[in-house]
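Close look at the chain arrangement
Here are the chains, one letter per residue:
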Amino acid sequence: MLKPFSDKMANLTPSAIREILKFTADPEVISFAAGNPAPEAFPTDVIRRLSDEIMAEEPINALQYSVTEGYAPLRQWLESDLRAKDMFADGDMVVVTSGAQQAIETTAKILCNEGDAILCENPSFIGSLNAFRSYGVKLVGVDTDSEGFIPERLEAALQANPSAKFIYTIPNFQNPTGNTTSLPRRKAVLELAKRHGVYILEDNPYGDLRFAGENVPSYKSLDSDGVVIYAGTFSKTLAPGLRVGYLCAESELVRKAVVGLQTSTVHTNIWAQMLTHRFVTTVDFNEHLERLRGIYRAKYQLMADSLREHMPDCVTYSKPEGGLFIWATIPERYDMNAFCTEAVHQKVAVVPGNAFLTDENAVSHSFRLNFSTPTDEQIVRGVEILGACAKEYFK
């Protein structure tokens, strides 16, 4: 009998989030399971106008093949923007990718052999974990708390895994927990990476969506040794459908990433790159970001207030200062997956926490709530239903 799948793909399973989203095809289901930007956040009129301008002024450039490195004016803007934030050193290089997901996947592609280790926050973003799994690596989950990696646990993991190639982290409003890595922890993690000779892959899709508290310096800005690989994206600040992200690191690594990209996508959608460049250079981008922060600040506050009103005291939550997610934890004596199943039967979808663990068979007592995608009315009604379900389940 023919074996249809490669060893790398045979053990990969569908994203738990995508599977749960199937339930949301039912119009009666209120979904807190997605991670999409708020529909009202999209600057549709501006995008329409800029697209018309491109098609009127540069149609062939927008429709023709382009270079793998990315649209030169956009790359120049990115380099200037990163340099202004102390995140672009002499010798660095930027390549434009199809979202941060491709930047993350390409990093594993160019650095990892089968059996090498990648150290990840536990829990972490399922899309990245699956990308890493596809290269036959060993995923090592490292415990975190509200301030990020626990340094002692990270050091022990590095000592136990000398084949580790990089540390993967989402330091700002982490997906799924919503937590932000503190400055002391960032310095400690950076020092450990340097000492053990591994890279840090800093994934920062939510950093511009801070709606409370103070900014924390990025790993990239703290690095003076070329240890940090930075993945950025316009998916949460402009539109995910454009699929415009980027990878910034020392030039030798980025040049190898360019070769890796040439074997897959050839180049990121050039029309989308041109549109993104026009947006950031002709629209007040900071004003646009402030509008987004206002949207997410209000939506978060509405969900947080609703949770306090309706959920039983035995359920605890993270208190993010930005991003799109709240991480809820139930008492250990209860079955979290059974609770999530009961919730979706009551027409509210959340994501069970084990979907985000490096060991998919491990037990989690948490689940993720998204406040960006549902309407205000859905947030209020959905949390009310979820609270009633929880009070019945946990009594």
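The structure we're discussing is the one just above.
Before going into details, it helps to say that this report is about the structure given with it. (Residues numbered from 1 in each chain as written. Predicted model: local features only at pLDDT ≥ 70, side-chain atom pairs only at ≥ 80, totals over all residues. Heavy atoms only, no water.)

**Some points on the overall build of the chain**
A count of helices and strands for the chain gives 15 helices and 14 strands. A compact globule built from 395 residues would reach a C-alpha radius of gyration of about 21 Å, and the chain, at 21 Å, matches this within 12%. In terms of overall dimensions, the chain has a C-alpha envelope of 60 × 55 × 50 Å along the principal axes. Contacts in the chain between residues at least 24 apart in sequence constitute 77% of all its contacts with a sequence separation of at least 6. With the model as given, the accessible surface of the chain reaches about 17400 Å², and the carbon-plus-sulfur share is 50%. Averaging the locations of the 38 positively and 50 negatively charged side chains of the chain gives two centres separated by 2 Å. (Helix = DSSP H or I, 4+ residues; strand = E, 2+ residues; numbered from the N terminus. Rg over C-alpha atoms; globule rule 2.2 N^0.38 Å. Contact = heavy atoms within 4.5 Å. Areas by Shrake-Rupley, 256 points an atom, 1.4 Å probe, with all protein chains shown as cover. Lys, Arg positive; Asp, Glu negative; His and termini not counted. Charge placed at Lys NZ, Arg CZ, Asp CG, Glu CD.)

**A look at the environment of Phe-339**
For Phe-339, the location among the structural elements is in helix α14 (residues 336–345). Sequence-wise, Phe-339 and Ile-54 are 285 residues apart; in three dimensions their C-alpha atoms are separated by 50 Å. Among all residues touching Phe-339, those that are not within four sequence positions of it are Phe-367, Leu-386, Cys-389, Ala-390, Tyr-393 and Phe-394.

**Describing the sheet that holds strand β6 (residues 164–169)**
If you trace the eight strands from one edge of the open sheet to the other, you get β2-β9-β8-β7-β6-β3-β4-β5, paired in mixed fashion. Looking at the sheet topology across the chains shown, the edges are occupied by β2 (92–97) and β5 (148–149). Direction of pairing for strand β4 (residues 138–145) relative to β5: antiparallel, over a ladder of two bridges. Across the sheet, Thr-144 pairs through a bridge with Phe-149, a residue of β5. Here helix α11 (residues 251–262) sits on the sheet and contacts β2, β7 (199–203), β8 (228–233) and β9 (245–250); the angle it forms with β2, its principal contact strand, is near 25 degrees. (Pairing = 2+ DSSP bridges. Axes fitted to C-alpha atoms, helices over the stretch in contact; angles between N-to-C directions.)

**Overview of the nonpolar core**
Core analysis: the biggest nonpolar cluster contains 94 residues, and Ile-118, Phe-132, Tyr-296, Phe-367 and Leu-369 have the highest contact counts within it. With nine residues, helix α13 (residues 285–310) is the largest single contributor of residues to this core. Apart from residues lying up to four places away in sequence, Phe-132 is in contact with Ile-104, Ala-108, Ile-118, Cys-120, Val-137, Leu-139, Phe-166, Tyr-168 and Leu-201. Core analysis: the next-biggest nonpolar cluster, separate from the first, contains 19 residues, Leu-154, Ile-167, Ile-200 and Val-227 among them. (Core = buried A, V, L, I, M, F, W, Y, C linked by side-chain atoms within 4.5 Å. Buried < 20%, exposed > 50% of the residue type's maximum accessible area, 1.4 Å probe, protein only.)

**A few points about the pattern of salt bridges**
Here the structure, examined in full by the defined rule, presents 19 salt bridges. Ionic pairing is found between Lys-220 and Asp-92, a salt bridge with its closest N-O pair at 2.6 Å. Of this pair, Lys-220 sits in helix α10 (residues 219–222) while Asp-92 sits in strand β2, and the two are 128 residues apart along the sequence. Measuring nitrogen to oxygen at the nearest pair gives 2.8 Å for the salt bridge that ties Asp-116 to Lys-165. Here Lys-165 lies in strand β6 and Asp-116 lies in the loop between α6 (99–111) and β3 (117–122), a separation of 49 residues in the sequence. The class of Asp-116 is buried, set by a relative accessible area of 10%. Overlapping salt bridges, with partners in common, bring together Arg-49, Glu-53, Glu-57, Glu-58 and Arg-278 in one network. (Salt bridge = Lys/Arg side-chain N within 4 Å of Asp/Glu carboxyl O.)

**Examining α13**
Between its first and last C-alpha atoms α13 spans 38 Å; for 26 residues at 1.5 Å apiece the expected length is 38 Å, and the two agree. Regarding α13, its N-cap is Asp-284, as a side-chain oxygen of that residue lies 3.3 Å from the backbone nitrogen of Asn-286 further along. (Expected span 1.5 Å × (residues − 1). Polar contact = N/O pair within 3.5 Å; in protein donor to acceptor, adjacent residues only side chain to side chain.)

**Regarding the side chain of Ser-364**
Within the secondary structure layout, Ser-364 lies in the loop between β13 (351–352) and β14 (366–370). Residue class for Ser-364 comes out buried when judged on its relative accessible area of 10%. Polar side-chain contacts of Ser-364 include one of 3.1 Å to the backbone nitrogen of Ser-366. In this structure Ser-364 touches Met-336, Gly-353, Asn-354 and Leu-357, once residues within four positions along its chain are discounted.

**Let's talk about the packing of helix α5 (residues 72–84) against helix α12 (residues 270–282)**
Across the interface, α5 lies against α12 with an axial gap of 8 Å and an inter-helix angle of 45 degrees. Considered as vectors, α5 and α12 are oriented oblique to each other. In this structure, α5 meets α12 at a crossing whose hand is left-handed. Contacts between α5 and α12 pair Pro-73, Leu-74 and Trp-77 from the former with Gln-273, Thr-276, His-277, Val-280 and Thr-281 from the latter. (Parallel < 35°, antiparallel > 145°, perpendicular 65-115°, else oblique. Left-handed = near helix turned anticlockwise from the far one by under 90°.)

**Topic: the pairing of β9**
Counted residue by residue, β9 has five buried out of six residues, so it is predominantly covered. The pairing of β2 with β9 spans six bridges and is antiparallel. Along β9, the bridge assignment pairs Asp-92 with Glu-250. Note: β8 against β9, four bridges, orientation antiparallel. Note on β9: the bridge partner recorded for Thr-233 is Gly-245.

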